[in-house]
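# A structural walkthrough
In case you want the letters, here they are:
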Amino acid sequence: MHVHKVADKGFNAQADAYAAARPGYPPAAVAHCLRILLALKAPQMQLGAVSDSAVQGDDPSLLPHPGVTLTVLDLAAGTGKFTKQLAAVPWLDITAAEPSEGMRAAFKRELPGVPILACDAERIPAPDGAYDAVFVAQALHWFDSEAALREIARVLAPGGPLLLVWNMEDRQVPWVADLRDVYEYLDAGIPQYRLAHWRALFRTQLAAALFQPLAGLAPPTTTATPALAAPSSSGTTSAAPTSQTISTTINSSSNGSSSTAKLLRGETEPAVLAQSFPSPGYAVGSEASLLATRFFRTLPGHEDMVTPGLVWSRVLSKSYVASQPLALQQELQQAVMAVIQKHAHMFRPLVAGDQSGQASQVSNEQQQEAAAAAAPVPEHWVAPLPVRTEVSWCVKRS
């Protein structure tokens, strides 16, 4: 199987760290993917039957049942982070595929009832048109080749969507920006989502011949995205919904200096992108814009809560970190802990026995005193680690 050497080494070495530390995907983002699938593959359902309020809900499994079972492929499924969320939907028949032996082993432990193929994206052991949809979560940047795109199109049924999903730690938050600065220099020359090089694949003649934009789906409402703040001293959390969204047409020909490219690298805000493209919506009729894109951000109070140890595991789960020599990993771990100490005011203890992920009430004065004392942040203290999620999609030509 053809797998990038860094991905092969890193993901095999740290599959357990990946399974334990990587975040799941916002339920609203998963529901949005399913809404696209329903619109394309359940024509008996009027688009209005799958309301935008359902998209922004917290339970994709509550989307309307199409009355048929839809067969989908989760390609490069890893340890099953995204597959697990799809598996909660009763009308999906899911097959996963993953080339890494270590990742497949972790997947089978987590989802023993879901079949998983040992294959890469260029050689999928399935008949032509086998799947109503192909999902690729956190992975397309590893195999953004024409051979892979041709193979994906082969196994995808005509009129079926290719749905691409990525999480990225949100650089808008100061402590997360400092954290990313510790390790991202190591990804030079390595395929990475944040660099947006993978988008060039969808500017090729092959992509235009195989795929088209999704037309006919009404644009959702665009919402501004507030800045994320430090935990409040009251310990209160936001009410539903748990995420807000920005929707826009992304032109695949955007260069690296554009607002779009900066957003994709996590260097700017979705709100900035909305200002740059005043007519947000879905890509319609433009070969240069095969992909439409929607962004999701978790609202304050609903983020993953991470301990210092889990922060390091999240960093170590990145293949270009996991593939480094042990001595360098140890240096990086010390640098990560220094960032945590610098931002100690973001951490606070969990309520004993509380499984909701909410932290206990700690006054700002107590947090400042703990930081001033320069004592290490206790391992059982937690901080919110917010992510921004992209969903991009196009449709196989009929």
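None of the values given here were measured: they were computed from a predicted structure.

Scanning the entire structure with this criterion turns up 14 salt bridges. The residue Glu184 makes a salt bridge to Arg180 at a minimum N-O spacing of 2.7 Å. A salt bridge links Arg314 to Asp304; the nearest nitrogen and oxygen atoms lie 3.6 Å apart. Of this pair, Arg314 sits in helix 12 (residues 308-316) while Asp304 sits in strand 9 (residues 304-306), placing them ten residues apart in sequence. Judged by its relative accessible area of 2%, Arg314 is buried. Among the residues examined, Asp304 registers a relative accessible area of 33% and is labelled partly exposed. In this structure, a network of salt bridges that share partners links the residues Arg171, Arg180, Asp181, Glu184, Asp187 and Arg194.

Here we take up the packing of helix 8 (residues 174-183) against helix 14 (residues 326-342). Relative orientation of the contacting elements helix 8 and helix 14 amounts to 165°, with a least axis distance of 9 Å. When the axis of helix 8 is compared with that of helix 14, the two are roughly antiparallel. Every pair of crossing elements has a handedness; the one defined by helix 8 and helix 14 is right-handed. Two secondary-structure elements touch here, helix 8 through Trp175, Asp178, Leu179 and Val182 and helix 14 through Leu332, Ala335, Val336, Val339 and Lys342. The residue inventory of the contact of helix 8 with helix 14, partitioned by class, reads seven nonpolar, no polar and two charged.

Confidence in the prediction of the chain, expressed as mean pLDDT, is 75, and 67% of residues score 70 or more. Per-residue pLDDT, averaged within each element of the chain, yields its smallest value for helix 11 (residues 270-276) (32) and its largest for strand 3 (residues 116-117) (98). Overall, residues 47-56 carries pLDDT values under 50, and its contacts beyond four positions in sequence, including any with other chains, amount to 25 contacts. Here residues 216-288 is modelled with pLDDT under 50, and outside its nearest four sequence neighbours on either side it reaches 175 contacts, counting other chains as well.

Here the focus is the pairing of strand 8 (residues 292-298). Most of strand 8 is tucked away, with seven of its seven residues classed as buried. Because side chains alternate across strand 8, one face comprises the buried residues Ala292, Arg294, Phe296 and Thr298, and the other comprises Thr293, Phe295 and Arg297, equally buried. Pairing between strand 8 and strand 12 (residues 387-396): six bridges, direction antiparallel. In the sheet register, Thr293 faces strand 12, and the bridge partner there is Ser392.

Here we have three strands laid out as an open sheet, ordered 9-11-10, and antiparallel in their pairing. The open sheet has two free edges, formed respectively by strand 9 and strand 10 (348-349), since each of these has just one partner strand. Pairing between strand 9 and strand 11 (residues 381-385): three bridges, direction antiparallel. In the strand pairing of strand 11, Asp304 is matched with Leu385. Helix-sheet contacts for helix 12 involve strand 9 and strand 11, and the interaxial angle to strand 9 is about 110°.

Counting buried positions over the nine residues of strand 5 (residues 161-169) gives nine, a clear majority of the element. Of the two faces of strand 5, the one lined by Pro161, Leu163, Val165, Asn167 and Glu169 and the one lined by Leu162, Leu164, Trp166 and Met168 are each fully buried. Note on the crossover from strand 4 (residues 133-137) through helix 7 (residues 146-155) to strand 5: the handedness is right-handed.

Looking now at the packing of aromatic side chains. Scanning the model with the defined rule gives eight aromatic pairs in all. When the ring of Trp198 is compared with that of Phe202, the centres are 6.5 Å apart and the planes differ by 85°; the resulting orientation is edge-to-face. As far as burial versus exposure is concerned, Trp198 and Phe202 are alike and both buried. Through a chain of ring-to-ring contacts, three or more aromatic side chains come together here, namely Trp166, Tyr193, Trp198 and Phe202.

Reading guide: rules and limits
- Within any chain, residue numbers begin from 1 and follow the written order of that chain's sequence.
- The predicted origin of the model limits local features to residues at a pLDDT of at least 70 and limits the giving and counting of side-chain atom pairs to 80 or more, whereas totals for whole chains, interfaces and linings rest on all residues.
- Side-chain measures were taken over the full set of non-hydrogen atoms in the model, leaving aside hydrogen atoms and water.
- Within this document, salt bridges are pairs made up of a side-chain nitrogen of Lys or Arg and a carboxyl oxygen of Asp or Glu, the two lying within 4 Å of each other.
- Where helices and strands are cited, they refer to DSSP runs of H or I of at least four residues and of E of at least two residues respectively, numbered from the N terminus.
- Here the term buried applies to any residue with accessible area under 20% of the maximum for its type, exposed to any over 50%, and partly exposed to those in between, with areas from a 1.4 Å probe on protein chains only.
- What counts as an axis is a line fitted to C-alpha atoms, over the stretch in contact for a helix, and the angles between N-to-C directions run from 0 to 180 degrees.
- Any angle from 65 to 115 degrees is called roughly perpendicular, while one under 35 is roughly parallel, one over 145 is roughly antiparallel, and all others are oblique.
- Handedness of a helix crossing follows the sense of rotation of the near helix relative to the far helix, less than a right angle counterclockwise being left-handed and clockwise being right-handed.
- Any two residues whose heavy atoms approach within 4.5 Å at even a single point are treated as in contact.
- Basically, the charged four are Asp, Glu, Lys and Arg, the nonpolar ten are Ala, Val, Leu, Ile, Met, Phe, Trp, Tyr, Cys and Pro, and anything else, Gly included, counts as polar.
- pLDDT is defined as a per-residue confidence score from the predictor, taking values between 0 and 100.
- Any two strands with at least two DSSP bridges between them are considered paired.
- Look down the strands so they point away from you; if the path from the first strand over the helix to the second goes clockwise, the crossover is right-handed.
- Classification of ring pairs uses Phe, Tyr and Trp, with its six-membered ring standing for Trp, and accepts pairs whose centres are within 6.5 Å; under 30 degrees between planes counts as stacked, over 60 as edge-to-face, and the remaining range as tilted.

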